[in-house]
Amino acid sequence: MDVLQAILLALVQGITEFLPISSSAHLILPSQLLGWEDQGLAFDVAVHLGSLVAVVFALRAELIRMTAGSLDAFRQRGMNQELKLVLWVGLGTLPVVFAGFLLKDVVETTLRSALVIATSTIVFGLALLYADRKAPRLAPGAAVPPGRDEFQLKLVDVLVIGFAQCLALIPGTSRSGITMTAALLLGLSRTAAARFSFLLAIPAIAGAATLSLYDLIKLGDPVDWGELAIGFLVAAVAAWLCIRFFLALLERTGFLPYVIYRLLLGTLLLVLFL
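Residues numbered from 1 in each chain as written. Predicted model: local features only at pLDDT ≥ 70, side-chain atom pairs only at ≥ 80, totals over all residues. Heavy atoms only, no water.

**Notes on the nonpolar core**
For soluble globular proteins, nonpolar side chains are generally found buried alongside one another. If you look at the biggest cluster of nonpolar residues, it comprises 44 residues, and the most contacted ones within it are Phe18, Val55, Phe196, Phe198, Leu199, Phe246 and Phe255. Every element with two or more residues in this core is listed here: helix H3 (41-58), helix H5 (81-108), helix H6 (114-134), helix H7 (155-165), helix H8 (175-185), helix H9 (190-219), helix H10 (225-253) and helix H11 (256-273). It is H9 that contributes the most residues to this core, 10 residues altogether. Leave out the neighbours within four places in its chain, and leucine 199 touches Leu59, Glu62, Leu63, Met66, Leu85 and Val89. (Core = buried A, V, L, I, M, F, W, Y, C linked by side-chain atoms within 4.5 Å. Buried < 20%, exposed > 50% of the residue type's maximum accessible area, 1.4 Å probe, protein only. Helix = DSSP H or I, 4+ residues; strand = E, 2+ residues; numbered from the N terminus. Contact = heavy atoms within 4.5 Å.)

Spelled out as structure tokens, the structure:
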């Protein structure tokens, strides 16, 4: 892999990991259109770790609040909203862990086709449009977005979002897109839906990177550390900028631009590969 290829793939990974537009739908294009070979397991680990560092840094204020609040709850032997949110993130992650373990072979073989990716890109894009239309609108001059925030989630909400995240195992769905869709339908504000989706991304990305790292160690293949450093840094910066601007603009723009983009991308995939 040359430097330009590493930069482009890391940019794609960093940006699409958190926007509701599907990373798998984008990663299929360079390989198919440019004839690039698979970037390899080591590069996958590097860009995922870059994305993980980016989301932790972007949400550092909320993560510090959650950590401090949880420690207070332990000291007082009680429950507060910060500890509850930590538990909700853990509970919301469990369904996709079990589903991924059970469906690993199907996801990596049968479902990795251009037709599946294109179809899910379009279908779940329309689902996001429906959810966004149902979301409460920000009133002119209002400082606080309408709708519930992530600290007001209930058990049933977390289970719905957690099981919705399992649909992200279908390539083209978008993990962030489907969790934001479910959160919007449950009455969360746009920014709260995005923040909870990003919180769920932390254990999801960490788990995927850990499993990939384990597989990499078992293989024992030599790695290009310069290539990995480029992938890590580019993915981290791209993902951080993406999260920052996405959250800043979301209440004003809504999800319509991303829906339109998904529909165009899905149509392009159908035209190119079918």
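Additional details are given in the paragraphs that follow.
**Focus on the pattern of salt bridges**
Counted under the stated rule, the structure contains 6 salt bridges. For the salt bridge of glutamate 62 with arginine 195, the shortest nitrogen-to-oxygen distance reads 3.7 Å. Taken together, the residues glutamate 62 in helix H4 (residues 60-76) and arginine 195 in helix H9 connect sequence positions 133 residues apart. Judged by its relative accessible area of 23%, arginine 195 falls in the partly exposed class. Measuring nitrogen to oxygen at the nearest pair gives 2.8 Å for the salt bridge that ties arginine 190 to aspartate 132. Note that arginine 190 is positioned in helix H9 and aspartate 132 in helix H6, a separation of 58 residues in sequence. Of the two residues, arginine 190 and aspartate 132, both sit in the buried class. Salt bridges sharing partners connect three or more residues here, namely Glu62, Glu150 and Arg195. (Salt bridge = Lys/Arg side-chain N within 4 Å of Asp/Glu carboxyl O.)

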